[in-house]
Amino acid sequence: MIRPLIAGNWKMNKVPTEAATWLGDLKEKLKQTDAGHADILLCVPATHLGAMVAAQGFLALGGQDMSQHESGAYTGEISAAMLKDAGASYVIVGHSERREYHKEDDALLNAKVKKALEHNLIPILCVGESEAQRDAGKAKDVVIAQLKADLEGISFASADDLVIAYEPIWAIGTGKTATADDAQEMCAAIRQTLAELYPDQASRIRILYGGSMKPSNAQELLSKADINGGLIGGASLKTDDLLALVAAAK
Ligand code: PGA
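Residues numbered from 1 in each chain as written. Predicted model: local features only at pLDDT ≥ 70, side-chain atom pairs only at ≥ 80, totals over all residues. Heavy atoms only, no water.

A. Region of the structure containing helix H5 (residues 106-118). Over its 13 residues, H5 extends 18 Å from the first C-alpha to the last, a length consistent with the 18 Å expected when each residue adds 1.5 Å. Within the sequence span of H5, burial applies to Leu 109, Asn 110, Lys 112, Val 113, Lys 115, Ala 116 and Leu 117. Next to the buried residues of H5 lie helix H3 (80-85), strand S4 (90-93), helix H4 (96-101), strand S5 (122-127) and helix H7 (139-150). Following H5 by one or two positions, Asn 120 adopts a phi angle in the positive range, close to 55 degrees. (Helix = DSSP H or I, 4+ residues; strand = E, 2+ residues; numbered from the N terminus. Expected span 1.5 Å × (residues − 1). Buried < 20%, exposed > 50% of the residue type's maximum accessible area, 1.4 Å probe, protein only. Contact = heavy atoms within 4.5 Å.)

Next comes the structure, spelled out in structure tokens:
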């Protein structure tokens, strides 16, 4: 049994002072909630980490992107070491919004995964197909190709060092969700590929589903054998919704 991971992706929302208030609210509500069965993670803008670092006792923090470079003249970039030092233990790599709006390709994402691991940050590697690719029957080929390219030449010591998020692009922020069976089918294919790459670890690597996961659909998705948690955008911004998702992971 893999311990579920409920991971919020706040994207570019809230300011640090709001984040601190939000966290106080969550902490209070957690006292009355049975949440011990899951890990809770919030991937927040890097500017928010300082305001949230006190929360590390009851949840983990992550960044949403990082540079593939170690340090130096890269104006505007944030390094793995900076995220780590600011309190992050995870980082999202290859979110479809980065792939699309910032033209991040698999070679770059491979370098970012490597750099994250070098700094003991757990990469949450996102993969997923577009609607056109799904309609053309290519969803699995696209996702598996991304996975293999992004993980090429990468090894790690423990299954806890890597998280994969399957996020069909057409389901992100749209209210459309993959059916639980379709999501499971893809996550099983991902695990099969992981088993080829990492035979000793694959059965314990966490695979998340992301794309309009919300309290009303989470339980069905999270009940599937190869879905070990969620990467949640919109519904992670409200404490009640986040806690409902944690409850659904039981
Ligand atoms: P959503 O976002 O839950 O708002 O669809 C998920 C994500 O982009 O990680």
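B. View of the sheet that holds S4. The parallel closed barrel is built from eight strands, whose spatial order is S1-S2-S3-S4-S5-S6-S7-S8. When strand polarity is set aside, the average angle formed by the axes of neighbouring strands in this sheet is 25 degrees. The pairing of S4 with S5 spans four bridges and is parallel. Opposite Val 93, over in S5, you have Leu 125 as the bridge partner. (Pairing = 2+ DSSP bridges. Axes fitted to C-alpha atoms, helices over the stretch in contact; angles between N-to-C directions.)

C. Molecular detail of the pattern of salt bridges. One pass over the full model with this rule turns up 22 salt bridges. The partner of Asp 106 in a salt bridge is Arg 99, with the nearest N and O atoms 2.9 Å apart. Residue class for Asp 106 comes out partly exposed when judged on its relative accessible area of 24%. Residue classification places Arg 99 among the buried positions, given a relative accessible area of 17%. Measuring nitrogen to oxygen at the nearest pair gives 2.8 Å for the salt bridge that ties Lys 224 to Asp 181. Taken together, the residues span a long stretch of sequence, with Lys 224 in the loop between helix H9 (215-222) and strand S8 (229-232) and Asp 181 in helix H8 (residues 180-197) at a distance of 43 residues. (Salt bridge = Lys/Arg side-chain N within 4 Å of Asp/Glu carboxyl O.)

D. Here's a closer look at the packing of helix H1 (residues 16-31) against helix H10 (residues 239-248). Two numbers describe how H1 lies on H10: the axes approach to 10 Å, and their chain directions differ by 45 degrees. Judged on the interaxial angle alone, H10 and H1 are oblique. Considering the relative orientation of H1 and H10, their crossing is right-handed. Residue-level contacts link Trp 22, Asp 25, Leu 26, Lys 29 and Leu 30 of H1 to Thr 239, Asp 240, Leu 242 and Leu 243 of H10. Looking at side-chain class alone, the contact of H1 with H10 contains five nonpolar, one polar and three charged residues. (Parallel < 35°, antiparallel > 145°, perpendicular 65-115°, else oblique. Left-handed = near helix turned anticlockwise from the far one by under 90°. Nonpolar A, V, L, I, M, F, W, Y, C, P; charged D, E, K, R; others polar.)

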